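Examining the three-dimensional arrangement
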Amino acid sequence: MSVLQAFLRLSSALALSLAVTAASAESPTLDKIKRTGAITLGYREASIPFSYLGADQKPVGFSMDLCAQVVDKIKSDLKLDNLPVKLQPVDSANRIPLMQNGTIDIECGGTSSSAARLKQVAFTVATFVSSARWLTKVSSGIHDVKGLDGKTVVVTQGSNAVGFAFGIKAKGGTFNVIQAKDHGESMLVLQSGRAAAFMEDDILLASLKSRAPDPAALTFLPETYDLVAYGLMLRREDPEFKALADGVLKGMMASGAFAKLYTKWFESPIPPRGENLTFPMSDALKERVAHPSDSINF
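Here we summarise the structure given alongside this text. For every chain, the first residue of the written sequence is number 1, and numbering continues from 1 along that sequence. It should be noted that, the model being predicted, local features are given only for residues of pLDDT at least 70 and side-chain atom pairs only at 80 or more, the latter also being counted only at that level, while totals for whole chains, interfaces and linings use all residues. Water and hydrogen atoms were dropped before computing side-chain values, which therefore reflect all heavy atoms in the structure.

**Some details on the nonpolar core**
Core analysis: the largest hydrophobic core is formed by 66 residues, its most contacted members being Ile106, Trp134 and Leu148. Not counting residues up to four positions away in its chain, the partners in contact with Leu148 are Trp134, Ile142, Val153, Phe175, Ala196, Ala197 and Leu221. Residues enter a nonpolar core if they are buried and are Ala, Val, Leu, Ile, Met, Phe, Trp, Tyr or Cys, with the set joined through side-chain atoms within 4.5 Å. Only protein chains enter the accessibility calculation, which uses a 1.4 Å probe; a residue is then buried when its area is under 20% of its type maximum, exposed when over 50%, and partly exposed in between. With twelve residues, the next largest nonpolar core counts Val154, Met187, Leu190 and Ala212 among its residues. Contacts are assigned to residue pairs with any non-hydrogen atoms lying within 4.5 Å of each other.

Written as structure tokens, this is what we have:
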């Protein structure tokens, strides 16, 4: 074998090795999008203002707008003339399984990150910071968490609030915890008197309260609990796709586009009824906008 032949064989082997390495490092999510020619977004039907059904029964919301920016970036990076978007409704119980089995590529809802969830899925940098609270009826006469002793409270199945409620009970609470299938059912259980209080993240409760027949008939108890970070939910072990989504969000935060979008959905009248949640950006979220992070610690 001549020196030239040996060099060419070595070069060919090196090129093949690099190609295999590049292929193995490719994003599974982007690979699926290229293979199927579409991207599937998971959305919630009643998680105002993150994603919910608008007047035309199509999903709208803060998280949907964020996801739209990520979709545009994917389309640009993959040099696609068109990228069809499929929409898949999800709920608290099935959103993680549907991400794990590849049914959805991004969850554009109001989902909080946690140590337990990070063992199953990934999250972008935080897009919201919330705290769990109790919502009750003014007529109940309950003024603090102690007033729930001996009563029944409701949480939504699959929500982080389930753990919070049982944690409070373990520390001395004597209330009974029941679980509803979604936030709408939890509100119905509260309003019908079958539960004395409903625990959930403050912003979700604020949005549900604003849409109640008589918002003034509902009130928050004063207690607040641990801060939790929300993000767009992604597949685990796909750092390339997470980096793409994080890059989009970080760019929006740096440019001011994120703050404008926040004002649109949290501090302005929103469809379809024109309610204003009047929910200014918290100091904790302002810090995450200034210094984007996917950390669950505060």
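**Re the state of the cysteines**
Whenever a pair of cysteine sulfur atoms sits within 2.5 Å, that pair is classed as a disulfide. Overall, the coordinates contain one disulfide when judged by the stated rule. A sulfur-sulfur distance of 2.1 Å marks the disulfide that ties Cys67 to Cys108. The chirality of the disulfide connecting Cys67 with Cys108 is left-handed, given an S-S dihedral of about -110 degrees. Here the residue Cys67 occupies a position in helix H3 (residues 62-77), and Cys108 occupies one in the loop between strand S6 (106-107) and strand S7 (122-123), the gap between them amounting to 41 residues. The class for Cys67 is buried, based on a relative accessible area of 0%. Accessibility expressed as a relative area gives 0% for Cys108, which makes it buried. The way it works is that DSSP assigns letters per residue, a run of H or I at least four long becomes a helix, a run of E at least two long becomes a strand, and they are numbered from the N terminus.

**Points about the pattern of salt bridges**
By salt bridge we mean one thing: a side-chain nitrogen of Lys or Arg within 4 Å of a carboxyl oxygen of Asp or Glu. Applying the stated criterion to the full structure yields ten salt bridges. In this structure, the salt-bridge partner of Arg211 is Glu275, at a minimum N-O distance of 3.8 Å. With a gap of 64 residues between them, Arg211 in the loop between helix H7 (202-210) and strand S12 (218-220) and Glu275 in the loop between helix H9 (257-266) and helix H10 (283-290) connect regions that are remote in the sequence. For Asp294, the salt bridge identified is with Lys242, shortest N-O distance 3.0 Å. One end of the pair, Asp294, is in the segment after H10; the other, Lys242, is in helix H8 (residues 239-255), and 52 residues separate them in sequence. The partly exposed category is assigned to Asp294, whose relative accessible area is 39%. Members of the salt-bridge network, linked through shared partners, are Lys32, Asp105 and Arg235.

**Notes on empty space enclosed by the protein**
Think of a 1 Å grid over the protein atoms and nothing else: a 1.4 Å probe that fits but is trapped marks a cavity, an open set flanked by protein within 12 Å on at least five of seven lines marks a pocket, and residues with an atom within 4 Å of a point count as lining. Grid points are joined across faces, edges and corners, and a volume is the space filled by probe spheres set on the points. This structure, assessed with the given rule, holds one cavity of 30 Å³ or more. Counted as a void, the largest cavity has a volume near 80 Å³. What lines the largest cavity is a set of 14 residues, among which Arg95, Gly110, Ser159, Glu200 and Leu204 lie closest to the centre. Residues belonging to the lining of the largest cavity are distributed by class as follows: two nonpolar, seven polar and five charged. Three classes are used: nonpolar for Ala, Val, Leu, Ile, Met, Phe, Trp, Tyr, Cys and Pro, charged for Asp, Glu, Lys and Arg, and polar for all others, with Gly counted as polar.

**Some points on the side chain of Glu107**
Counting through the fold element by element, Glu107 comes out in strand S6. In this count, Lys and Arg are taken as positive residues and Asp and Glu as negative ones, while His and the chain termini are left out. One buried charged residue, Glu107, remains without a salt bridge, the closest side chain of opposite sign being Arg95 at 4.4 Å.

**Some details on the packing of H3 against H9**
When two helices pack together, their arrangement is given by the angle between their axes and by how far apart the axes lie. Relative orientation of the contacting elements H3 and H9 amounts to 150 degrees, with a least axis distance of 9 Å. Classified by the angle between their axes, H3 and H9 sit roughly antiparallel to one another. Seen along the crossing, H3 lies across H9 with a hand that is right-handed. The residues of H9 that touch H3, namely those facing Phe62, Asp65 and Leu66, are Phe258, Leu261, Tyr262, Lys264, Trp265 and Phe266. In this description, a line fitted to the C-alpha atoms serves as the axis of each element, helices being fitted only across the stretch in contact, and the angle between N-to-C directions of two axes falls anywhere from 0 to 180 degrees. Should an angle fall under 35 degrees it is called roughly parallel, over 145 degrees roughly antiparallel, and 65 to 115 degrees roughly perpendicular, with every other angle called oblique. Here is the rule for handedness: rotate from the far helix to the near one, and if that takes an anticlockwise turn smaller than a right angle the crossing is left-handed, while a clockwise turn gives right-handed.

Function cannot be inferred from these measures alone, as they are strictly geometric.
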